[in-house]
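Structural characterization, general
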Amino acid sequence: MRLSRIIMALTVGLAVVAVPTAAGAAQPQPTPSATATTDPPQPPPYAPQPPALTVNRPTIYLGETVILTGTGFGPNETVDIVVTVTPFAAPADGQAPARRSDGSTVAMAPVAHQASAPLTFTARTDAQGRFTKSYKPSVTGLLTFTATGRESGRTASTQLRVLHKKQPLPVTGDSMGTPMKLGGGLVGAGAVMLLLTLAWRRRQRLGGAAH
């Protein structure tokens with residue numbers, strides 16, 4: 001009798017403990033899709049600016065200096081710059097043509113050494129891929145600068161017009177002849193007037209002596 005009571009008490013205790021566990025298992029569990037958080041949208045990959053090459057002055061006279069500025073190249077890389085010279089086929093703006101002795105004009109033709117091989121030099125970029133370089137042309141014409149990064153392979157170009165210095169036109173033999181001829185004519189006319197004046201004064205003296 002006592003054993004049956006003990007077994008019944010144990011059975012009731014196990015039933016009481018099992019009720020909360022069964023109730024928890026019966027509750028619906030959240031699905032993974034309901035609790036998962038979505039990742040924030042990723043920004044697009046960084047697109048570097050395109051390479052560019054500029055000069056601070058598009059036209060200069062021979063002997064002056066320009067500043068080349070390059071942007072958009074690789075950081076801390078060496079940039080090779082090639083200069084191609086194209087001679088002018090006609091006088092540039094502000095450049096006076098040569099004048100012949102007969103007064104006609106003729107265009108100044110570039111000398112042969114101006115069509116020499118392209119010049120080359122280098123520049124070094126900073127951490128932002130930018131560089132500046134001064135350049136003093138030694139020839140006239142249309143200069144094309146082409147810059148290429150050794151590591152990045154990026155390239156850009158720009159142009160510069162280099163003109164002859166303004167100089168006064170030389171005085172030719174014909175241009176000097178006209179003033180000399182005019183001066184000689186004036187001197188001759190003055191001599192004739194002087195002789196006429198002396199002759200008139202002499203006649204006046206002789207006339208007064210006769211009276």
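Everything in this summary refers to the structure shown in the same document. As the structure is a computational prediction, the values presented were derived from the model and not from experiment. (Residues numbered from 1 in each chain as written. Predicted model: local features only at pLDDT ≥ 70, side-chain atom pairs only at ≥ 80, totals over all residues. Heavy atoms only, no water.)

1. Here's the deal with the packing of aromatic side chains
How two aromatic rings sit relative to each other is set out by the distance from centre to centre and by the angle between their planes. Inspection of every chain in the model, using the stated rule, returns three aromatic pairs. With a centroid separation of 5.7 Å and an interplanar angle of 55°, the aromatic rings of phenylalanine 73 and phenylalanine 131 are classed as tilted. Of this pair, phenylalanine 73 sits in the loop between β3 (66-71) and β4 (78-86) while phenylalanine 131 sits in strand β8 (residues 131-135), placing them 58 residues apart in sequence. Judged by relative accessible area, which is 2%, phenylalanine 131 ranks as buried. Aromatic side chains phenylalanine 121 and tyrosine 135 sit 5.2 Å apart centroid to centroid with 15° between the ring planes, which places their arrangement in the stacked category. Note that phenylalanine 121 is positioned in strand β7 (residues 119-124) and tyrosine 135 in strand β8, a separation of 14 residues in sequence. (Phe/Tyr/Trp six-rings, centres within 6.5 Å; stacked < 30°, edge-to-face > 60°. Helix = DSSP H or I, 4+ residues; strand = E, 2+ residues; numbered from the N terminus. Buried < 20%, exposed > 50% of the residue type's maximum accessible area, 1.4 Å probe, protein only.)

2. Remarks on the sheet that holds β3
If you trace the three strands from one edge of the open sheet to the other, you get β1-β3-β8, paired in antiparallel fashion. Every other strand in the sheet has two partners, leaving β1 (52-55) and β8 as the edge strands with one partner each. Averaged over all pairs of adjacent strands, the angle between their axes in this sheet comes to 20°, without regard to strand direction. Two elements, β3 and β8, share five bridges in a ladder whose sense is antiparallel. The residue of β8 that forms the bridge with valine 66 is tyrosine 135. (Pairing = 2+ DSSP bridges. Axes fitted to C-alpha atoms, helices over the stretch in contact; angles between N-to-C directions.)

3. Remarks on the sheet that holds strand β10 (residues 155-163)
The mixed open sheet is built from five strands, whose spatial order is β2-β10-β9-β4-β7. The outermost strands of the open sheet, each flanked by one partner alone, are β2 (59-61) and β7. This sheet shows a mean twist of 30° between the axes of neighbouring strands, independent of strand direction. With eight bridges connecting them, strand β9 (residues 141-149) and β10 associate as antiparallel partners. What sits directly across from leucine 143, in β10, is leucine 160.

4. Some words on the pairing of β4
Of the strand pairs in this sheet, β4 and β7 are connected by six bridges, and their pairing is antiparallel. Of the residues in β7, the one forming a bridge with aspartate 80 is threonine 122.

5. With respect to the environment of valine 79
Mapped onto the secondary structure, valine 79 falls in strand β4. For the pair valine 79 and glycine 129, spaced 50 residues apart in the sequence, the C-alpha separation amounts to 10.0 Å. Among residues more than four places away in sequence, those in contact with valine 79 are Phe73, Phe121, Thr122, Ala123, Thr125, Phe131, Ala147, Thr148 and Gly149. (Contact = heavy atoms within 4.5 Å.)

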